[in-house]
Amino acid sequence: MPANKKYLTKSPWVRLCRILLGTIGGYTVMISFHVLLTELFPAENVIATAFFTGYLLWAFLLFWAFLDPKLERLALTYIGLTLLFSLPYIINH
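Definitions and limits used
- Residues numbered from 1 in each chain as written.
- Predicted model: local features only at pLDDT ≥ 70, side-chain atom pairs only at ≥ 80, totals over all residues.
- Heavy atoms only, no water.
- Helix = DSSP H or I, 4+ residues; strand = E, 2+ residues; numbered from the N terminus.
- Buried < 20%, exposed > 50% of the residue type's maximum accessible area, 1.4 Å probe, protein only.
- Patch = residues over 30% accessible without salt bridge, like charges linked within 9 Å, V, L, I, M, F, W, Y side chains within 5 Å.
- Areas by Shrake-Rupley, 256 points an atom, 1.4 Å probe, with all protein chains shown as cover.
- Salt bridge = Lys/Arg side-chain N within 4 Å of Asp/Glu carboxyl O.
- Contact = heavy atoms within 4.5 Å.
- Axes fitted to C-alpha atoms, helices over the stretch in contact; angles between N-to-C directions.
- Parallel < 35°, antiparallel > 145°, perpendicular 65-115°, else oblique.
- Left-handed = near helix turned anticlockwise from the far one by under 90°.
- Nonpolar A, V, L, I, M, F, W, Y, C, P; charged D, E, K, R; others polar.
- Phe/Tyr/Trp six-rings, centres within 6.5 Å; stacked < 30°, edge-to-face > 60°.

### A closer look at the environment of I90
For I90, the position within the fold is in helix α3 (residues 71-92). I90 gets classed as exposed once you look at its relative accessible area, which sits at 54%. Residues I90 and L36, spaced 54 residues apart in sequence, show a C-alpha to C-alpha distance of 10.0 Å.

Next up, the structure:
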């Protein structure tokens, strides 16, 4: 059964923006989150678990890029989370 056309994106540019924002934005949020964890816990433990949790977090953030109806809000959320998670590392180093 095909998808209902009213729920699909009409513009290929919007679809490309969602893919890029989900991929790159999700990756930066995931990396900054694990950098935050290295400030709180020993780096060896975070690196060992980041192989699994990093992929799961990135996949969720990529999926979220297609659920949020507004691209601007999604981009600001990814930028805000990246800055929030990176702030302790920036202050300490």
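### Considerations on a nonpolar patch on the surface
Where nonpolar side chains cluster on the molecular surface, the patch consists of W13, L16, L20 and I24 and spans about 440 Å² of accessible area. Looking at the element boundaries, L20 is found in helix α1 (residues 12-40).

### Digging into the environment of Y27
If you trace the backbone, Y27 turns up in helix α1. A relative accessible area of 46% means that Y27 is categorised as partly exposed. Sequence separation between Y27 and Y55 is 28 residues, and the spatial gap between their C-alpha atoms is 9.1 Å. When neighbours within four sequence positions are excluded, Y27 is seen to be in contact with G22 and W58.

### Describing the packing of α1 against helix α2 (residues 43-67)
Close contact between α1 and α2 brings their axes to 8 Å; oriented N to C, the two are set at 150°. The angle between the axes of α1 and α2 places the two elements in the roughly antiparallel class. When the axes of α1 and α2 are compared, the crossing they make is right-handed. For the pair formed by α1 and α2, the contact residues are R18, I19, G22, T23, G26, Y27, V29, M30, F33, H34, L37 and T38 on the first element and A43, V46, A50, T53, G54, L57, W58, L61, L62, A65 and F66 on the second. In the contact of α1 with α2, the residues fall into 15 nonpolar, seven polar and one charged.

### Considering the packing of aromatic side chains
Aromatic ring pairs are described here by two measures, namely the spacing of the ring centres and the angle between the planes. If you walk through the whole model with that rule in mind, you get four aromatic pairs. Ring geometry for Y55 against W58: centres 6.2 Å apart, planes inclined by 40°, an arrangement best described as tilted. One end of the pair is Y55 and the other is W58, both in helix α2 and three residues apart, which spans about a single turn. Between F60 and W64, the aromatic rings sit 6.4 Å apart at their centres with planes inclined by 25°, giving stacked as the arrangement. Highlighted residues: F60 and W64, both in helix α2, separated by four residues, approximately one helical turn. A relative accessible area of 25% means that W64 is categorised as partly exposed. By the ring-pair criterion, three or more aromatic residues cluster together here, those being F60, W64 and Y78.

### Here we look at the packing of α1 against α3
Across the interface, α1 lies against α3 with an axial gap of 8 Å and an inter-helix angle of 20°. When the axes of α1 and α3 are compared, the pair comes out roughly parallel. As for how α1 packs across α3, the hand of that crossing is left-handed. Its residues placed into classes, the contact of α1 with α3 shows 15 nonpolar, eight polar and two charged.

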